[in-house]
Amino acid sequence: IGAGPAGLTAAYFLRRLGHDVTVFEAMPEPGGMLRYGIPSYRLPREDLERDIDRITSMGVKIVCDVKIGETHSIDKMREDFDAIFIGSGAWADVSMNIPGEDASGVTSGIEFLKDAELGPTEPISGGAVIVGGGNTAMDAARTVMRLGASSVTVVYRRTREEMPVQPEEVVEALEEGVKFEFLASPVEVICDDHNSATGIKLQKMQLGSFDDSGRRRPVSVEGDFMEIPATNIIRAIGQKAIIPGGGPSAAKWGTIEVDEYTLATDFDGVFAGGDAVLGPATAVQAIAHGRKAAQAIE
């Protein structure tokens, strides 16, 4: 379940072991986050297609536009197949929970990148603000710049040194004209009378004591606010795992609960891996889970 890096890797190794493998994918094309989350300027689509063609040429069947819990069920799949691997990814985004977030012009980074891939995408006018400091935020910022935004500003509540994105991504974004506003946290989306975004209000922050992640916790600077005009607000502050309807149990953080060594769930014959288990992780980590699950299934 899921034709992203975890699912495709599991399919590849299971097919090499001699099993008949069918991959069910919710989107119109396979690839998962490799296709719909990483822009084509970073991952050329011909390279992705070549790798997928290698897998299908081995005899792996990929069926797209299948939504588990809607068009297909886990229970029926358990009757039809000897084993199931869930690699459904982390496609749900995290809300900012601030006033005005429902305004026209506000969207999630995941949805924005997905729509840009599905295309054709309308040129973007006006300024854009991206809230977040990870890979999705940086990809969204560089993509919206390519679509014609008059200005692009990334807002992050910590410092540049503490951004989870790779440092070279920040350097490349700066070279392309993306601006950064560090130690700032959104408190309100500013709207006009038609509930369309016209800007974002930010609370200035400073670093306090260390938190559980080993980073200094950002705390508000009382009474210190700023505003950035923008008609496009993209939130990219986090992603959550998708657990298919009727699927296995969720762990503490909303991911699928699995055995540490076999990636088996509490459903007999059902395994899971990738972002659905790890939360937002890297493609390499998802690929590793796909191979580990294939070995456990075998």
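The text that follows walks through the structure, step by step, so that each part is easy to find. On a predicted model such as this, the values are computed, not experimentally measured, just so you know. Throughout this document, residue positions are counted from 1 along each chain, in the order its sequence is written. Local features are withheld for residues below a pLDDT of 70 in this predicted model, meaning they are given only at 70 or higher, and side-chain atom pairs are given and counted only at 80 or more; totals for whole chains, interfaces and linings count all residues. Calculated side-chain values reflect all of the structure's heavy atoms, with hydrogen atoms and water omitted.

1. Thoughts on the nonpolar core
Point 1. Membership of the largest hydrophobic core comes to 22 residues, with the highest contact counts inside it found for I130, V144, V152 and F180.
Point 2. Considering every element that reaches this core, the biggest residue donor is helix α6 (residues 135-146), with five residues.
Point 3. Residues are treated as being in contact if the distance between any of their heavy atoms lies within 4.5 Å. For V144, the residues in contact, after removing those within four places along its chain, are F112, I124, A128, I130, A149 and V152.
Point 4. One finds I98, A184, I200 and I233 within the second-largest nonpolar core, a separate group that totals 15 residues. We define the nonpolar core as a collection of buried residues of types Ala, Val, Leu, Ile, Met, Phe, Trp, Tyr and Cys that are connected through side-chain atoms lying within 4.5 Å of one another. Partly exposed residues are those whose accessible area sits between 20% and 50% of the maximum for their type, while under 20% is buried and over 50% is exposed, using a 1.4 Å probe and protein chains only. Every helix listed is a DSSP run of H or I at least four residues long, and every strand listed is a run of E at least two residues long, numbered separately from the N terminus.

2. A short note on the pattern of salt bridges
Point 1. Here a salt bridge means any side-chain nitrogen of Lys or Arg lying within 4 Å of a carboxyl oxygen belonging to Asp or Glu. Across all of its chains, the model carries 17 salt bridges by this definition.
Point 2. A salt bridge links D139 to R42, with the nearest nitrogen and oxygen atoms 2.9 Å apart. Here D139, found in helix α6, pairs with R42, found in the loop between α2 (33-36) and α3 (45-57); they are 97 residues apart in sequence, far enough to count as distant.
Point 3. According to the relative accessible area criterion, D139 is buried, its value standing at 2%.
Point 4. Its salt-bridge partner being E101, residue R235 comes within 3.3 Å of it at the nearest N-O pair. With R235 in strand β12 (residues 232-235) and E101 in the loop between β4 (92-93) and β5 (106-108), this pair connects stretches of sequence that are 134 residues apart.

3. A short note on the pairing of strand β8 (residues 179-182)
Point 1. At least two DSSP bridges between two strands are required for those strands to pair. Pairing between strand β7 (residues 151-156) and β8: four bridges, direction parallel. In the sheet register, Y156 faces β8, and the bridge partner there is F182.
Point 2. What joins β7 to β8 is helix α7 (residues 167-175), and the crossover it makes is right-handed. For a crossover, the right-handed case is the one in which the path from the first strand over the helix to the second runs clockwise, viewed with the strands pointing away from the viewer.

4. Thoughts on unusual backbone geometry
Point 1. You will see that N195, though not glycine, has its phi angle at about 60°, which is positive.
Point 2. Checked against the element boundaries, N195 lands in the loop between β9 (184-191) and β10 (197-210).
Point 3. Exposure remark for N195: the relative accessible area of 34% places this residue in the partly exposed category.

5. As for the sheet that holds β9
Point 1. In space, the three strands of this open sheet follow the order β9-β10-β11, with antiparallel pairing throughout. Unpaired on one side and paired on the other, β9 and β11 (216-229) mark the two borders of the sheet. Within the sheet, the average angular offset between the axes of one strand and its neighbour, ignoring direction, is 20°.
Point 2. Examined bridge by bridge, β10 and β11 share nine bridges and lie antiparallel to one another. Bridge pairing in β11 places L202 opposite M226. Interaxial angle, 0 to 180 degrees, is taken between N-to-C directions of lines fitted to C-alpha atoms, where a helix line uses only the stretch in contact.

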